[in-house]
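Structural characterization, general
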Amino acid sequence: MAPPPPQSNRSPSPSQPSGKSEVSDLKLQLRQLAGSRAPGTDDSKRDLFKKVISNMTIGIDVSSLFGEMVMCSATSDIVLKKMCYLYVGNYAKVNPDLALLTINFLQRDCKDQDPMIRGLALRSLCSLRVANLVEYLVGPLGSGLKDNNSYVRTVAVIGVLKLYHISATTCIDADFPETLKHLMLNDQDTQVVANCLSALQEIWTLESTTSEEAARERENLHSKPYVYYFLNRIKEFSEWAQCLVMELVAKYIPSDNSEIFDIMNLLEDRLQHANGAVVLATTKVFLHLTLSMADVHQQVYERIKAPLLTQVSSGSPEQSYAILSHLHLLVMRAPYIFSSDYKHFYCQYNEPSYVKKLKLEMLTAVANESNTYEIVTELCEYAANVDIPIARESIRAVGKIALQQYDVNAIVDRLLQFLEMEKDYVTSEALVLVKDLLRKYPQWSQDCIAVVGNISSNNVQEPKAKAALIWMLGEYSQDMHDAPYVLESLVENWDEEHSAEVRLHLLTAVMKCFFKRPPETQKALGAALAAGLADFHQDVHDRALFYYRLLQYNVSVAESVVNPPKQAVSVFADTQSSEVKDRIFDEFNSLSVVYQKPSYMFTDKEHRGTLEFSDELGNLSINAETGDSVVPAQRVEENDKDLLLSTTEKDDVRDPGSNGSAYNAPSYNGSAPSATSQPLADLAFSSTGATGQAPAPGLAIDDLLGLDFSVGTATTPSPPPLTLNPKAVLDPGTFQQKWRQLPISLSEEYSLSPLGIASLVTPNALLRHMQSHSIQCIASGGQSPNFKFFFFAQKAEEASIYLVECIINTSSAKSQIKIKADDQSSSQAFSTLFQSALSKFGLP
Amino acid sequence: MLQCIFLLSDSGEVILEKQLTGHRVDRSICNWFWDHTNSQPNSYKQQPVIASPTHYLFQVCREGITFLACTQVEMPPLMAIEFLCRVADVINGYLGGLNEDSIKDNFVIVYELLDEMIDNGFPLTTEPNILQEMIAPPNIVSKVLSVVTGNSSNVSDTLPGSTASCVPWRTADPKYANNEVYVDLVEQMDATINRDGVLVKCEINGEVQVNSHITGLPDLTLSFANPSILDDVRFHPCVRFRPWESNQILSFVPPDGQFKLMNYRVRKLKSTPIYVKPQLTSDGGICRLNVMVGMRNDPGKTVDSVNVQFQLPPCILSADLTSTHGTVNILSNKTCTWSIGRIPKDKAPSMSGTLVLETGLERLHVFPTFQVDFRIMGVALSGLQIDKLDLKTVPYRFYKGFRALTRAGEFEVRS
């Protein structure tokens, strides 16, 4: 079924010498058979047809036989018919004129006695996809939908969808969607019903952009009567149709908890289905239904664990992989639930690397006090693996566990054993890890340094590992006996060092070493600075120059710049923001999970829209993490000036920066931000939302720069009733800072009016409403049923600011409010104001 | 939804192409796919989901044939993969094996099958029983039949009754002279044993396979003596859920012929039937290898087809291995296979010899993993036992047969 090759390819290539002559041969033979009625004609026809189709399959253009094929198609033999349909379906699009010839016999076949032929003919007729033949489709489709055989009806329903794609207006004019809707709700055969559902979903989705009615119908599919109708028949559906229904149910919002439990009870046995697709679709329904009930949600995890693990171990490698990707997502969300099942994530020798990689990440995630020892033992086995990338990954996994765990003792020993394994890739990975470990647990320096000191820098080739080794040489030069000399020999080989990263580290390390052991290092430092100044790499050159001038200015100032006392790193930055993870979770049972990216990051450009920044976000935070100890700090500086970055990005970047470098002001508490900034990172700060709130774009930029902070100056405090400044402005950075600093002064829960809930389809609706009450939104996000907002307001004639975190659950019609205020005494008054504003939402 | 399915040969040639929607997928995607997979390291070649610049691709590989599906829209990945697996299984069943030639000889049947299995990118009928009623398989029996009856079409004349029946997996009314049901327990033991001989992980994945030939619409119940040992189960759609939930009884109307009734998993087994003890000691550029194999817990039946396979590390120049029982084979890709066959009762077989390391290497750093294969007829090692099988609703006498088999799955011993 190849598309006809372009003209240039049609000349017989050496590999297909007989192509053209064979086609004309076939043409001749077909012509002879066309009129023949002799016995045995069908058999010879069949052989010829087979030849034609096999030519077509291997990519030879046989469209020139179209006429002859149609002539030969007058037959009662169903296999001949099928081959003919196949041929016609393939070439009709390029031969619209000849396709007209086939209409006649296809239409006749649509009235055949045999339902199978009726169905096949109808399917072929709809697959012609020639726009000017649509008029011939309507009749047979109409009778096909009314056929008393369900096979024909299933074909006809899909035929309607095909017709819609050829000519939407013809399909709508013939009122087919209405007929399908009727069939969907009344047909005995579940396959017909399922096909109607999939066809209508597609048609209404496409129509809804232009037609309000179609949009309404589409919404209706997610309404209670429809969903219950499908759920009640779920066991009659084929396994694939069940998946379709589950997708629909996952979008349904139950009105109360008992409904949720009813649905889950009904669907529970689907988790035991042999088809993994059904199991996963059911899992998605369960997870989404229980999102608002934390304890039940956790029980769901417990319930789905066993079926998913069974699927992993009993399916083919391809199925295992798809399930594992989903399991990976769940494990990352709730590692503690899987911590006793860690043995399932042990790698088998024969598994492909992409599966092992997922498993390693899961093993890392589920490690806790009770199983760390066994997991690390297992991981160490992989380090001796023949598969080098996996061996590297597993060493990294050991390191990650060490960074997140309590029983570091044993792990450090293991890592140090790696260093003694004398395999270069193992040594390299281990070096990088030991460096990270020392940044978090400086107390281990004695043990580590003893081992690291024995490693000859000549045996370390990989830039990252070399950089790590050099960093340690610089950082612990007072403990490492021969550090200055090792550094010196490295400096001597400056020209052979190809990696700029290593050269940068070398410069810094020599500097640090110099501050601690000046007489021994002086010579090396001079050589390093000279080599650095002559370096062609801009960064290296600049850093060397910078150091040189610093030293010239004042050595002790230089020391305080290059080697100040550091705090231990508490948390290393996560490469993926939790907002992204939540989004992937929302798209459970889709490609997003396999790619570990939400769909907007990899589907077509046109779907990207305003959320595109998140792409950069990923890159940025990765950069920040991989950079050395000085670079992130500089990068953060730049980012702060970068006005176009949204707040999420800044938040994400700033954390790794400040943690990683620990160059911040002493007042900065290293452990606090990661905890308190979490709710902010959860949110999607759409870039339109961020700028749209400010009165004018110009003002917004001023705000971000922090130039124009408050409008009014302090006057006498206005007594209640509280009035708010309608034009309050606050930049996201200040918001975050305040949110961190201020205690929660009020935490309340309100009920929302049903009207309000109904209007809250997108977060934006509420924003506009609240704005009209002088309460500004700084960030919003979430999807039905859970929305999250951050609001702020400013007292009129005063600089006092109120901050509000508002979580709205539309299914329970509740909103949870946390208020923080500069002036705590008035927060109750503000709460009343906020509540009244919220309660007016949705009212006409 | 899927837009196109390709079948590729092991050299990347398109054997067959089936367009499913109006959005025709150009064949050039296969070239992209082939170049892409060949540029990947070996262990990444068969990654099931790949993003190409224009499409998302799903691949399933069976016997050198790649089943490739393309889509441009978001869809459940497992659905596509599961479907491709079914396609592979069904074609395999129809053609009695998968290879390029058999597909090329029977591509009309393959087209017909795909036509019924998927329409407009959405899977329809994938139950092999039903498909066989719509499209007769090209076996010798049907060829003989067609000669005798003069009906040369391999499409049955009527539509299967079951498309309209309330038991969609079963033919409406099969008739047999001898009514019989065979139930097989087939178990696979996955085990990992570490270098100290400790059982790190051991579990069994089992299947209950049923072959049923019963006239009419039989209602069967199957019960186990010890269902509590099962950790997790999953069922063929024919199994009713409630009786299992309340009494652990399998109640079902079986499809006609061979099918998989249920899968189960038994975790945390305490021991393996055989032991494999590798010992490696290296010194001065030479490594001595010694592997012992023997019975640990006699299952009461003979342990058959015992096979130990391992990959020699790349740093080994040559190997000289001999065994006291069975044969040792070393292939050019450094895969070493020791076929033992049946373990003798009196003496534990062993294999020993020396491995010569690369010059400059004193000791061995990369240790091979030994993959063990065995088969035990007549025993389900999980201990699962069938209690009884009853037939309701149909008044025939029928013959019941039970069998059990355990074989090694991923059974690996580290050294």
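None of these values were measured; they are calculated from a predicted model. (Residues numbered from 1 in each chain as written. Chains lettered and ligands numbered in written order. Predicted model: local features only at pLDDT ≥ 70, side-chain atom pairs only at ≥ 80, totals over all residues. Heavy atoms only, no water.)

**Here we look at the overall build of chain B**
Along the backbone of chain B there are seven helices and 23 strands. Taken along its principal axes, the extent of the C-alpha atoms in chain B is 75 × 55 × 45 Å. Here chain B holds 415 residues, and the buried ones make up 55% of them. Looking at chain B alone, contacts between residues at least 24 apart form 68% of all its contacts between residues at least 6 apart. Put simply, chain B shows about 17500 Å² of open surface, and 49% of that area lies on carbon and sulfur atoms. (Helix = DSSP H or I, 4+ residues; strand = E, 2+ residues; numbered from the N terminus. Buried < 20%, exposed > 50% of the residue type's maximum accessible area, 1.4 Å probe, protein only. Contact = heavy atoms within 4.5 Å. Areas by Shrake-Rupley, 256 points an atom, 1.4 Å probe, with all protein chains shown as cover.)

**Quick word on the state of the cysteines**
If you walk through the whole model with that rule in mind, you get zero disulfides over all chains. Of all cysteine sulfurs, the one in C126 of chain A lies closest to C110 of chain A, which takes part in no disulfide; the gap is 7.8 Å. (Disulfide = S-S within 2.5 Å.)

**So, the interface of chain B and chain A**
Opposite the 88 residues of chain B that make contact, chain A presents 96 residues. With both sides pooled, the region where chain B packs onto chain A buries about 8200 Å², and carbon together with sulfur makes up 54% of that total. At the boundary of chain B and chain A, one finds 24 residue pairs in polar contact (both at pLDDT 80 or more). Among the elements that line the side of chain B that touches chain A, the one with the most residues is helix 2 (residues 77-95) of chain B, at eight residues. Classifying every residue of the side of chain B that touches chain A gives 39 nonpolar, 22 polar and 27 charged. (Buried area = accessible area lost by both parts, 1.4 Å probe. Polar contact = N/O pair within 3.5 Å; in protein donor to acceptor, adjacent residues only side chain to side chain. Nonpolar A, V, L, I, M, F, W, Y, C, P; charged D, E, K, R; others polar.)

**Regarding helix 25 (residues 445-452) of chain A**
Residue and element names in this part refer to chain A. By the burial criterion, the buried members of helix 25 are S445, C448, I449, V451 and V452. Across the axial projection of helix 25, the buried residues extend over an arc of 165 degrees, all falling on one side. Of the surrounding elements, those touching the buried residues of helix 25 are helix 23 (408-419), helix 24 (424-440) and helix 26 (463-475). (Arc of directions from axis to C-beta.)

**Some thoughts on the sheet that holds strand 5 (residues 65-71) of chain B**
Across a sheet, strands are paired by hydrogen bonds formed along the backbone, either parallel or antiparallel in direction. All names here are of chain B. Across the sheet, which stays open at both edges, the five strands sit in the order 2-1-5-4-3 with antiparallel pairing between neighbours. What marks the edges here is a single partner per strand, and that holds for strand 2 (14-19) and strand 3 (49-51). On average, each strand axis in the sheet is inclined to that of its neighbour by 20 degrees, with strand direction left out of account. Where strand 1 (residues 4-8) meets strand 2, five bridges bridge the pair, whose relative direction is antiparallel. Looking at the pairing, F6 lines up with E17 of strand 2. (Pairing = 2+ DSSP bridges. Axes fitted to C-alpha atoms, helices over the stretch in contact; angles between N-to-C directions.)

**Things to note about the confidence of the model for chain A**
All names here are of chain A. The share of residues in chain A with pLDDT of 70 or more is 79%, and the mean pLDDT across the chain is 74. With pLDDT under 50 throughout, residues 1-17 is counted as low confidence; its partners more than four residues away or in other chains account for 30 contacts. Below a pLDDT of 50 lies the segment residues 604-720, which in the model reaches 152 contacts outside its immediate sequence neighbourhood of four places, other chains included. (pLDDT = per-residue confidence, 0-100.)

**Description of the packing of aromatic side chains**
Enumeration according to the criterion identifies 20 aromatic pairs over all chains in this entry. With centroids separated by 6.4 Å and ring planes inclined at 50 degrees, the aromatic side chains of F230 of chain A and F237 of chain A adopt a geometry described as tilted. Judged by its relative accessible area of 1%, F230 of chain A is buried. Judged by its relative accessible area of 4%, F237 of chain A falls in the buried class. Clustering of aromatic rings is evident, with ring pairs tying together F789, F791, Y802, F830 and F834 of chain A. Against the face of Y275 of chain B rests K277 of chain B, its NZ or CZ located 4.8 Å from the ring centre. (Phe/Tyr/Trp six-rings, centres within 6.5 Å; stacked < 30°, edge-to-face > 60°. Lys NZ or Arg CZ within 6 Å of the ring centre and 35° of its normal.)

**Here we look at the packing of helix 28 (residues 500-516) of chain A against helix 29 (residues 518-533) of chain A**
When two helices pack together, their arrangement is given by the angle between the helix axes and by the axis-to-axis distance. Residue and element names in this part refer to chain A. Following both chains from N to C, one finds helix 28 and helix 29 inclined at 155 degrees, their axes separated by 8 Å at the closest point. Classified by the angle between their axes, helix 28 and helix 29 sit roughly antiparallel to one another. Two packed elements cross with a definite hand, and for helix 28 against helix 29 that hand is left-handed. Between helix 28 and helix 29, the residues in contact are L507, V510, M511, C513, F514, F515 and K516 and P518, T521, Q522, A524, L525, A528 and L529, respectively. Along the lines of polarity and charge, the residues of the contact of helix 28 with helix 29 split into 11 nonpolar, two polar and one charged. (Parallel < 35°, antiparallel > 145°, perpendicular 65-115°, else oblique. Left-handed = near helix turned anticlockwise from the far one by under 90°.)

**Topic: the sheet that holds strand 14 (residues 274-283) of chain B**
Residues and elements named next belong to chain B. Spatially, 14-15-20-17 is the arrangement adopted by the four strands of the open sheet, whose pairing is antiparallel. Across the chains shown, the open sheet's two edge strands, defined by having one partner strand only, are strand 14 and strand 17 (316-323). Strand after strand, the sheet turns through a mean of 15 degrees between neighbouring axes, direction not considered. Note that strand 17 and strand 20 (residues 350-357) share seven bridges and pair antiparallel. Note on strand 20: the bridge partner recorded for S318 is V356.

**Digging into the pairing of strand 14 of chain B**
All names here are of chain B. One ladder, built from 10 bridges, connects strand 14 with strand 15 (residues 286-295); its direction is antiparallel. In the strand pairing of strand 15, K277 is matched with M292. As consecutive antiparallel partners, strand 14 and strand 15 are separated by two residues, and within that stretch G284 has a phi angle of approximately 55 degrees, a positive value.

**Observations concerning the nonpolar core**
One finds Y87, F230 and F418 of chain A together with F58 and F67 of chain B to be the most contacted residues of the largest nonpolar core, which totals 262 residues. If one sorts the elements of this core by residue count, helix 2 of chain B sits on top with 13 residues. Counting residues in hydrophobic clusters, the runner-up holds 66 residues, among them V183, L220, C315 and L391 of chain B. (Core = buried A, V, L, I, M, F, W, Y, C linked by side-chain atoms within 4.5 Å.)

**Notes on the packing of helix 24 of chain A against helix 25 of chain A**
Residues and elements named next belong to chain A. Closest axis-to-axis distance for the helix 24/helix 25 pair is 11 Å, and the angle between their directions is 155 degrees. Considered as vectors, helix 24 and helix 25 are oriented roughly antiparallel to each other. Considering only the axes of helix 24 and helix 25, their crossing is left-handed. From helix 24, L431, V434 and L438 reach across to helix 25, where they touch S445, C448, I449 and V452. Tallied by class, residues from the contact of helix 24 with helix 25 come to six nonpolar, one polar and no charged.

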